[in-house]
Amino acid sequence: MSDDTPSEKPPLAPAKPSLREPLKRVAKNAMEAVGQARTTAKGMAIMAAETAKEVSGMANETAKGVAEIANEAARSALQIASEGAQVVAQLAEDGAKVAAQFAGDTAKAAGQVAREVALQMAQAYLRKSTLTLTFSESQLNRQLRQKFANNPNIDHLTVYCGDDRITVAVDGHHNRLIYTVELDFDVLECKVSRDTSYLRVRQVSEELDAQFRQTNLIANWAAKQIGRGAFYVANRLPTKAPVHQMLANIPGVISEGPRLWRIDLGETAMLDFLNNRSWMVEKLVGLTDLSVLPGLTTLKDSKELMTQLVQQFEIRDLRVRPGRLEVLVGINAT
């Protein structure tokens, strides 16, 4: 081969790649990545918001549930506390009632013991001494008038009590004659026991006041004067004296001599009046000086024990005092 053969041109070196495209692609990819990131971020934000809402809702429901549970628990606790308080209050009330009843029973028992002791004190005193009870003049007259209510010779009867002095005024009538006989007696002796009970009296004066019905004043004045004189003279006779005959006709009144009389308290029913226990109870309750009988202050509160005490009384003595009879009572020692 000659040197004249044309030589082949050497191959061209490959062109250097351009940087724009990769940069564009990178930029594009980056933009896409950014878009995706934004889209993802939005999605995540939406999801986060929804999740937050759900969580918030759940929290609210949970809080409501907890609150309801708390309220139920509180109500239960309050109910339990209230029921507990009621039970405690009931127990306290029952305890107070029991304590009050116990205290009342104790006080009642103590009071009963005190009354029993007071009764024994009064009984012991009255076995050795006496207690004076007053039987009033008005009581005596009331009883005597009931006793002689059916006596045809007596219209009205009044007894006056003095210091060992008894005055008896008898109102009566005979046909047209109306009269009042007034007798005074000194009390010489009084004897009251289981075997006998009597008064011995001496008649010291007598007086007659008489008048006629439907008669003028002069006739009545003359009748009074003549009647008084005749009555005085007649009563000086030993046996036929008007007063003597009148008293001798009364059951239980016995003549022991001129102007001397013995009055049997049993036959005249006076002892029945005096032995009536109801007036004795009334007198004991009405006593103002409670020191006259030991235990009386306590006994006054119990009518039963007072009656029990009075039932044991027996009359030991009797005294005539102004406006009253004094009855001395005691209790038999055996």
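We now turn to the structure provided with this report. Residue positions within a chain follow its written sequence, with the count starting from 1. In keeping with the predicted nature of the model, local features appear solely for residues at pLDDT of at least 70, side-chain atom pairs appear and are counted solely at 80 or more, and the whole-chain, interface and lining totals rest on all residues. Excluding hydrogens and water, the side-chain figures rest on all heavy atoms present in the structure.

## What to know about the nonpolar core
Next up, step 1: Core analysis: the largest hydrophobic core is formed by 57 residues, its most contacted members being L309, F313 and L325.
Next up, step 2: Contacts were defined at the residue level, with two residues in contact if any of their heavy atoms lie within 4.5 Å. Once residues lying within four places of it in the same chain are set aside, the contact partners of F313 are L126, L133, R277, M280, L284, V329, G330 and I331. The nonpolar core is taken to be a set of buried Ala, Val, Leu, Ile, Met, Phe, Trp, Tyr and Cys residues, with the residues joined through side-chain atoms within 4.5 Å. Working definition: with a 1.4 Å probe on protein chains only, accessible area under 20% of the residue-type maximum means buried, over 50% means exposed, and in between means partly exposed.

## Remarks on the sheet that holds strand β9 (residues 324-331)
For sheets, the rule is that strands pair by backbone hydrogen bonds, running either parallel or antiparallel.
Next up, step 1: The criterion for strand pairing is that DSSP finds at least two bridges linking the strands in question. Helix and strand definitions follow DSSP, with helices as H or I runs of at least four residues and strands as E runs of at least two, each counted in order from the N terminus. Judged by pairing direction, the sheet is antiparallel, and its 3 strands sit side by side in the order β1-β9-β8 without closing on themselves. The open sheet has two edge strands with one neighbour each: β1 (131-136) and β8 (313-321). The sheet shows a mean angle of 30 degrees between the axes of neighbouring strands, direction not considered.
Next up, step 2: In this sheet, β9 lies alongside β8 in antiparallel orientation, the contact comprising 8 bridges. When the sheet's bridge partners are listed, R319 is paired in β9 with E326.
Next up, step 3: Helix axes are fitted only over the stretch in contact, all axes being lines through C-alpha atoms; the angle between N-to-C directions runs from 0 to 180 degrees. Sitting on the sheet, helix α2 (residues 137-147) is in contact with β1 and β9, with an inclination near 60 degrees to β1.
Next up, step 4: Against the sheet, helix α6 (residues 277-286) touches β1, β8 and β9, its axis set at about 110 degrees to β1.

## Some details on the side chain of Q203
Next up, step 1: Here Q203 shows up in strand β5 (residues 197-212).
Next up, step 2: Judged by its relative accessible area of 5%, Q203 is buried.
Next up, step 3: Look past the residues within four positions of Q203 in its chain and what remains in contact with it is L183, D184, F185, V243, R259 and W261.

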